[in-house]
Amino acid sequence: NRVILMTDGDFNVGIAEPTRLKDFVSDQRKSGVYLSVYGFGRGNYNDTMMQALAQNGNGTAAYVDSLQEARKLLRDDFDSALFPIADDVKIQVEFNPAQVSEYRLIGYETRLLNREDFNNDQVDAGEVGSGAAVTAIYEITPAGARPSSDPLRYGAKPPPATGGRELAFLKVRYKPPGGATSKLIERPIGAGDLRASLAAAPESTRFAVAVAAYGQKLRGDPWIDAGFDWSAVTDLAQGARGEDPYGLRAEFVQLTRAAKDVKGS
């Protein structure tokens, strides 16, 4: 069961207080009713509220600003938003200090969980729909490279005897839709997963990195390299367009060019 809410997020009838709204949505989620939120309008549009309601409702949040975006959300991607194949999906990555001295997760600020919550099946997490994919991007500093801060005196620990060459260890927990007990998938990330350069990475990875860089530059993140300018973002996205039957990646390339015109001036 899923409710599809289309709104500008400016609630002025019924329950309007943000905390009460989120509690109401959470209670309905526990009864098996999911909530997805599609936003419309400008001016009084409340994106923060939309995201909070969708996250508490085990659903998706999106903003509809054009006919093309409506087609994407309500036609092309609707199955993945409507039919969950995994509930409470949690991803945990442990980096090997012998190979990685620092790491930074890009994005997902509103979805972070405490380490101890990973094995707690009572803690709510995100859902994955049919045909959907989830991408997490980490920026790392290899061991031996110059770190961005002073090294920890007591923080490093020796890797296990079998994991000296592992880059990281990946764990994924999920529940079957409607289930109460999670299942665990885990595997090491090793040399076979590495690429010598960004140019040698898969097309989907290169495009995802371009999108992440675009978002970081828009919000003025201080960590992104100053030499990675708007032209570099455009070139990376353009080179990873691949098959683009609906022109969505081409539209993103145009967005990077528009951002360069605005931010560059």
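Look a little higher up for the structure.
Residues numbered from 1 in each chain as written. Predicted model: local features only at pLDDT ≥ 70, side-chain atom pairs only at ≥ 80, totals over all residues. Heavy atoms only, no water.

(A) Structural context of helix α3 (residues 67–76). Along α3, the residues that are buried comprise Glu69, Ala70 and Leu73. Seen end-on, α3 carries its buried residues on one side only, within an arc spanning 100°. Contacts from the buried residues of α3 go to β2 (34–39), β3 (61–63) and α4 (78–82). (Buried < 20%, exposed > 50% of the residue type's maximum accessible area, 1.4 Å probe, protein only. Helix = DSSP H or I, 4+ residues; strand = E, 2+ residues; numbered from the N terminus. Arc of directions from axis to C-beta. Contact = heavy atoms within 4.5 Å.)

(B) Structural view of the sheet that holds strand β1 (residues 2–7). Spatial ordering of the open sheet is given by β1-β2-β3, a layout of three strands whose pairing is parallel. Of all strands in the sheet, those with a lone pairing partner are β1 and β3, marking the two edges. Shown here is a sheet whose adjacent strand axes are inclined to one another by a mean of 15°, direction ignored. Pairing analysis gives three bridges linking β2 to β3, with the strands arranged parallel. Directly across from Val37, in β3, lies its bridge partner Ala61. Its contacts with the sheet put helix α2 (residues 47–56) on β1, β2 and β3, and the angle it makes with β2 is roughly 160°. (Pairing = 2+ DSSP bridges. Axes fitted to C-alpha atoms, helices over the stretch in contact; angles between N-to-C directions.)

(C) Structural detail: the pattern of salt bridges. Following the criterion strictly, the structure yields nine salt bridges and no others. Residue Arg75 pairs with Asp76 through a salt bridge whose shortest N-O separation is 2.8 Å. A salt bridge links Asp221 to Arg219, with the nearest nitrogen and oxygen atoms 2.9 Å apart. Through salt bridges with shared partners, one network takes in Glu109, Arg219 and Asp221. (Salt bridge = Lys/Arg side-chain N within 4 Å of Asp/Glu carboxyl O.)

(D) Region of interest: the packing of helix α1 (residues 18–30) against α2. Running from N to C, α1 and α2 cross one another at 25°; their axes reach a closest spacing of 8 Å. Between α1 and α2, the angle is such that the two are roughly parallel. Relative to α2, α1 is oriented so that their crossing is right-handed. For the pair α1 and α2, contact is made by Pro18, Leu21, Lys22, Val25, Ser26 and Arg29 and by Met49, Ala52, Leu53 and Asn56, respectively. Among the residues forming the contact of α1 with α2, the class breakdown is six nonpolar, two polar and two charged. (Parallel < 35°, antiparallel > 145°, perpendicular 65-115°, else oblique. Left-handed = near helix turned anticlockwise from the far one by under 90°. Nonpolar A, V, L, I, M, F, W, Y, C, P; charged D, E, K, R; others polar.)

(E) View of the side chain of Arg2. As for its placement among the helices and strands, Arg2 is situated in strand β1. Asp87 provides the closest opposite charge to the buried, unpaired Arg2, separated from it by 7.1 Å. Separated by 2.9 Å, the side chains of Arg2 and Ser36 make a polar contact. (Lys, Arg positive; Asp, Glu negative; His and termini not counted. Polar contact = N/O pair within 3.5 Å; in protein donor to acceptor, adjacent residues only side chain to side chain.)

(F) Up close: the packing of helix α5 (residues 203–218) against helix α6 (residues 230–239). In the contact formed by α5 and α6, the axes pass within 8 Å of each other and the chain directions differ by 155°. As summarised for this structure, α5 and α6 are arranged roughly antiparallel, according to the angle between their axes. For the crossing formed where α5 meets α6, the hand is left-handed. Counted together, Arg206, Phe207, Val209, Ala210, Ala213, Tyr214, Lys217 and Leu218 of α5 and Trp230, Val233, Leu236, Ala237 and Gly239 of α6 form the full contact between these two elements.

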